[in-house]
Each structure stands twice: as C-alpha cells, then as structure tokens.
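Structural overview
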Amino acid sequence: EPEVTQTPSHQVTQMGQEVILRCVPISNHLYFYWYRQILGQKVEFLVSFYNNEISEKSEIFDDQFSVERPDGSNFTLKIRSTKLEDSAMYFCASSVRGVKETQYFGPGTRLLVL
Amino acid sequence: AQTVTQSQPEMSVQEAETVTLSCTYDTSESNYYLFWYKQPPSRQMILVIRQEAYKQQNATENRFSVNFQKAAKSFSLKISDSQLGDTAMYFCAFTSNTGNQFYFGTGTSLTVIP
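Quick summary incoming for the structure in this document. (Residues numbered from 1 in each chain as written. Chains lettered and ligands numbered in written order. Predicted model: local features only at pLDDT ≥ 70, side-chain atom pairs only at ≥ 80, totals over all residues. Heavy atoms only, no water.)

1. Describing the sheet that holds strand 8 (residues 75–79) of chain A
Residue and element names in this part refer to chain A. Note the following rule: A pair of strands is treated as paired once DSSP finds two or more bridges between them. Strands here mean DSSP runs of E at least two residues long; helices mean DSSP runs of H or I at least four residues long; both are numbered from the N terminus. Lines fitted to C-alpha atoms define the axes, with helix axes restricted to the stretch in contact, and inter-axis angles between N-to-C directions lie between 0 and 180 degrees.
The strand order across the open sheet formed by 4 strands is 1-3-8-7, and the pairing between neighbours is antiparallel. In the strand order of this sheet, the two ends are held by strand 1 (5–7) and strand 7 (65–68), each with one partner. Sheet twist, expressed as the average angle between the axes of neighbouring strands with direction ignored, equals 20 degrees. Sheet analysis places strand 7 next to strand 8, joined by 4 bridges and oriented antiparallel. Bridge pairing links Val67 to Leu77 in strand 8.

In structure tokens, the structure reads:
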C-alpha cells in the first residue's frame, strides 16, 4: 500500500540555521499538508498546499517557514532561521482531494534545535 | 474557532475486553467530518475511522465503532475485543466542510494488557 515518506527521520541543528524537511506524498494525491507536534502537546496544523500554492496556513506558519513542491514528487518545508521553540515532530500528510478526505500521514521528522 | 478535547491522557484495557475513548469538539459549523487516527509507537498515524456529520448512522470498521452524538458534540471511539496491536496513541480530529485543516485533540495513550 502506498505510503507518505519523510526524510530525515531525525534532524539536529543549531539555532539560527536553516533546515529543509522533505516529504514524498502518495503519487496520485493532490493536496499536501504540514503539521507539527511539540513534545507533549497536540498536533498543530501549519499549512496546506494545492496546485502549487498555499491554500491555507496557520498563525504558526510565519515568514520563517516556506513550502515548495520542487519536482512534482517531493514536498518540502523550509525553516529559514530555526529557533529553540521550533523543536518538534513535523508530520507531512497528503490526500487525494480536499481536507474532507482522509489524510495520509508520514512517519514524521523529529527536529531538535540546540 | 474549532477545538477538540480528549480528556483521557492515558487508558489501559485487558486483551479481549472493550474500551471507549472519549472526544468532544466545539464548532459552529453544521457540516463537518470527524476522524480517529492511531499512532503506534514510533510509527506514523493511520486512519482508524471517519464520520461525516450529516450521516446519522455511526461509522463502524471491524472492531472499531464510534458513538457520534451531534447535539452533544461528542465522538467517542469504541474498540471491541482489544488486541495487543491496538496499543497506540489515539487522536481525535475534526475538519469542517469549508476549511482546509485538521484540528487534533491531545491524544489518548492506550495500552492493551496481555
């Protein structure tokens, strides 16, 4: 069964550095999402992406965040200048159609900012 | 604003017994969708069950069923004949018909005891 994959599984970075988290959604899916989960807290929506543009973003998704689908298969989340509070698990998800449909989640990237 | 509340951080159940996980939500929307996701240890979230708010019939999926009480804004998950593989974190999630994001609860950690 097709799965969403994410790389790397773990990333450690210094505060102020840029990180790129990568996701490969399921191939026939058209909608893509990023979520994050700070340890011990709920999963929070960051952004949704459709037709090569952001369709919705949360307050968390400020100017230091960006998303891109550079090559038709990968879906990336870039954090330009990481802060300590960006330490979290980041989940990518995809769905065939809009959010009413089931979202399929990747295994996550655990980001630790030192 | 939409909120999802899971009031049971941890639960345990004996193998083969039945357990019910609670979820309540708050919304002013009339049409929306509710989900239960399961996240086994170190694994990705997978869909357990999905309910469409305009359907009065409770969704079922093998050993998993929901008790959807729209007036009470309650969406509990019942797991029958619990198996060791049901040990996981369970997240309740909500999405509206008009939005583009999922709202998650804080999760319930379920342990099935042999």
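2. Some words on the interface of chain B and chain A
Many analyses report the size of an interface as the accessible area lost when the parts associate. Applied cut-off: The criterion used for residue contact is that any of the two residues' heavy atoms lie within 4.5 Å. Here's the idea: put two parts together, see how much 1.4 Å probe accessible area each one loses, and the total over both is what we call buried area. Salt bridges are identified by distance alone: a Lys or Arg side-chain nitrogen within 4 Å of an Asp or Glu carboxyl oxygen. Any pair of nitrogen or oxygen atoms within 3.5 Å is treated as a polar contact; in protein, a donor-acceptor pairing is required on top of that, and neighbouring residues in sequence qualify only through side-chain atoms on both sides.
Facing 20 residues of chain B, the contacting portion of chain A comprises 20 residues. Both faces combined, the contact of chain B with chain A buries some 1,800 Å², and carbon together with sulfur accounts for 53% of it. The interface formed by chain B and chain A contains 0 salt bridges. One can count 4 residue pairs in polar contact (both at pLDDT 80 or more) joining chain B with chain A. Listed by contribution, the elements that provide at least two residues to the side of chain B that touches chain A are strand 5 (32–39), strand 6 (46–52) and strand 10 (88–96) of chain B. Ranked by the residues each element gives to the side of chain B that touches chain A, the list is headed by strand 5 of chain B, at 4 residues.

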